[in-house]
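Secondary and tertiary structure notes
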Amino acid sequence: VRVRVRVRVRGARGMRARGVAAATAVAIAAHGGVDAMSRARTGLARDGTTTRTSASHPRRESGVLPSPVPVAPLAVFLGATVAYVGFRGRALPESYARGVKLAAGDGLKVGVALLGAKLSLSEIGDVATKAAPAIAATVSTGLLATPMINRAVMARFGGAAQSGGLTAKVGGLLAAGSGICGVTAIGALAPAIAASQREVSLAVANVVAYGTFGMMTYPYLAKWLFPDGGAPAGVFLGLSVHDTSQVVGAGMSFRDMYDDEEAFKAATVTKLTRNLGLAIAIPYLAMKLRDVVPAGAAAAGAAAAKQPPLVPGFLIAFVAMAALRSLGDATEAIRTDERWRKGTKFIGEAASQVFLPTAMAAVGLSTSAASLRGVGAAPFIVGACAACSVGAVAACTTKALERAGAFDTDIQKTQRNEK
C-alpha cells in the first residue's frame, strides 16, 4: 500500500512538473522572440532603415528599441500554437494539463501578489481615488447592461437550443466576467447560481476570446486615445480588459512598447481595485438569478457547495506586499539601504518577467479548439456587446476624467490654473 501511494504521489508531481516545464519553456521562447525582434529592430534603426524613434516608440535608456510584439501576447500565441500543433486542437493530455493549470492559476496569483513589491499604498490610493467614478461606471455597465443585452438576444434567437446554449445564467456569468474580473468572477458566481458546466464553459470561452483580443489590441487603442500615456492609459486598460491576467498582459505590452511604467502600474492597480466589486456583484447577481436556480437536489447541492472567497486571496497578498513596500519606503533607514532597493526590484522583476509570462504561456497552452465546437453564435454576440459596452464606458469616463484634470500632477495643476 505504501509503495502504491508513493507511486501515485510521484506520478502526480511528475505530471504537474511536465505542465509547468512546458509553460516555462514557452515563456522562455517568448522572451527569446522578443529579444530577437528588439535586436533586429535596433539594428535596422542604426542602419538608417528605421527612423521612427519618436515619443510613440521611444528608445530605452540602453539604446535598444523595444520589440514591436511584447512578451505577454507572444507567450499566449506561442502556447496556443504549440497546443494546436502538438495535440491537433484537442484538450491537453492529463500528463500536462495539471501542471499547465497550476501555472495558469496559482502561478498567476503568485505573480500578481509579487507585483505589490513594485507599488506603494500611496500609489494605490491615489490612482483608485482618481479613477473611482470611471471604475463605478464601468462595473455598473457590466452588471446592468449585460443581462439586458442577454435577454434581447435570447428573445431574438429563441431558447437555449436555438441560440447555441444561451441562457439567463450565461448572461449573469458574462455580466460578472465582463464587469468585474473575468474567469475569477465567473468561477465565484457559478456555484452561487448552480450554473452547469456548459454554461460556465460558454462564459469562460467568451471572456478568454474577447479578453485576449483586448489584451493584444487595446494597448494600441490606449495610445491613440491617450497619446501622453501615463495613468489615464493605464486606467483605461484596467477597466476595459476582462481578466486580471489579460490586464497585466495589456499593461506589460503598453509598458514594453512605449516605455511607460506608470501606465503599467495604473492598469494593475485599477484592475485589482475593480476586482473588489466581487463583494457586491456576486450577491447581487445571485439574488437576481434566484428564480432560475433549479429546486430540489440541484439547489441543495449548490447551497452545500463550497463558496469561493468574494475577495481573492491573491488580492489580499498584493495589498499586503504593497503595504510592506510602503512601510519600508516610509522608514528612512530602510529606504536608503541598497539591499532594500535591489530586493524589491528583484521581486517585482520576478513577477513581471518570470511568473506572469509563464502564466500567459499556460493560458495559451490550455486553449483548445475542440472546446468551442458546436457552440452557437448567440453567446458570443452577447459577449461582444458586453465587451464593447464596457470598453466604451471605460474610454469615455477615463477621457472625461483626464480632461477634467483628475490625473494631473501638482505641476500640471499649477500650469492649468495659471492658464
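Refer to the structure presented above.
The structure contained in this document is the topic of the report that follows. (Residues numbered from 1 in each chain as written. Predicted model: local features only at pLDDT ≥ 70, side-chain atom pairs only at ≥ 80, totals over all residues. Heavy atoms only, no water.)

Moving on: the overall build of the protein. Each helix and strand in the protein was counted, giving 17 helices and zero strands. Residue burial in the protein is summarised as follows: out of 419 residues, 46% are buried. On the protein, roughly 20,000 Å² of surface is accessible, and the fraction owed to carbon and sulfur atoms is 63%. (Helix = DSSP H or I, 4+ residues; strand = E, 2+ residues; numbered from the N terminus. Buried < 20%, exposed > 50% of the residue type's maximum accessible area, 1.4 Å probe, protein only. Areas by Shrake-Rupley, 256 points an atom, 1.4 Å probe, with all protein chains shown as cover.)

Spanning 26 residues, helix 16 (residues 378-403) covers 38 Å between terminal C-alpha atoms, matching the ideal 38 Å at 1.5 Å per step. Immediately downstream of helix 16, the backbone of G405 shows phi near 85 degrees, a positive value. (Expected span 1.5 Å × (residues − 1).)

Core analysis: the largest hydrophobic core is formed by 87 residues, its most contacted members being L173, I180, F236 and L237. Examining the composition of this core, we find that 11 residues originate from one element, helix 6 (residues 168-189), more than from any other. Excluding anything up to four places from it in sequence, F236 contacts Y218, L221, A222, L225, F226, G391, A394, A395 and T398. (Core = buried A, V, L, I, M, F, W, Y, C linked by side-chain atoms within 4.5 Å. Contact = heavy atoms within 4.5 Å.)

The subject of this paragraph is helix 11 (residues 278-288). Here helix 11 has its buried residues at L278, A281, I282, L285 and A286. The buried side chains of helix 11 occupy one side of the element, clustering within an arc of 115 degrees when seen end-on. Looking at helix 11, the residues exposed on the side facing more than 90 degrees away from the buried face are I280 and K288. Packed against the buried residues of helix 11 are helix 5 (132-157), helix 6 and helix 10 (261-275). (Arc of directions from axis to C-beta.)

Orientation of helix 5 relative to helix 16, taken along the N-to-C sense of each, is 155 degrees, at an axis distance of 8 Å. With respect to helix 16, the element helix 5 is oriented roughly antiparallel. Helix 16 is crossed by helix 5, and the crossing has right-handed handedness. In contact with P133, A134, A137, T138, T141, G142, T146, I149, N150, V153 and F157 of helix 5, helix 16 contributes A378, I381, V382, C385, A386, S389, V390, V393, A394, T397, T398 and L401. Its residues assigned to classes, the contact of helix 5 with helix 16 comprises 15 nonpolar, eight polar and no charged. (Axes fitted to C-alpha atoms, helices over the stretch in contact; angles between N-to-C directions. Parallel < 35°, antiparallel > 145°, perpendicular 65-115°, else oblique. Left-handed = near helix turned anticlockwise from the far one by under 90°. Nonpolar A, V, L, I, M, F, W, Y, C, P; charged D, E, K, R; others polar.)

This part is about the environment of I186. Along the chain, I186 falls in helix 6. Dropping the residues within four chain positions of it, I186 is found in contact with L173, G177, V200, A203, V204 and V207.

What follows covers the pattern of salt bridges. Under the counting rule described, the total for this entry stands at five salt bridges. Between R325 and D329 there is a salt bridge, and its shortest N-O distance comes to 2.7 Å. Here R325 pairs with D329, and both are found in helix 13 (residues 313-330), just four residues apart, close to one helical turn. What makes D329 partly exposed here is its relative accessible area of 23%. The salt bridge partner of E402 is K399, with a shortest N-O separation of 3.3 Å. Here E402 pairs with K399, and both are found in helix 16, just three residues apart, close to one helical turn. (Salt bridge = Lys/Arg side-chain N within 4 Å of Asp/Glu carboxyl O.)

Treat this as a map of the structure, not an account of what it does.
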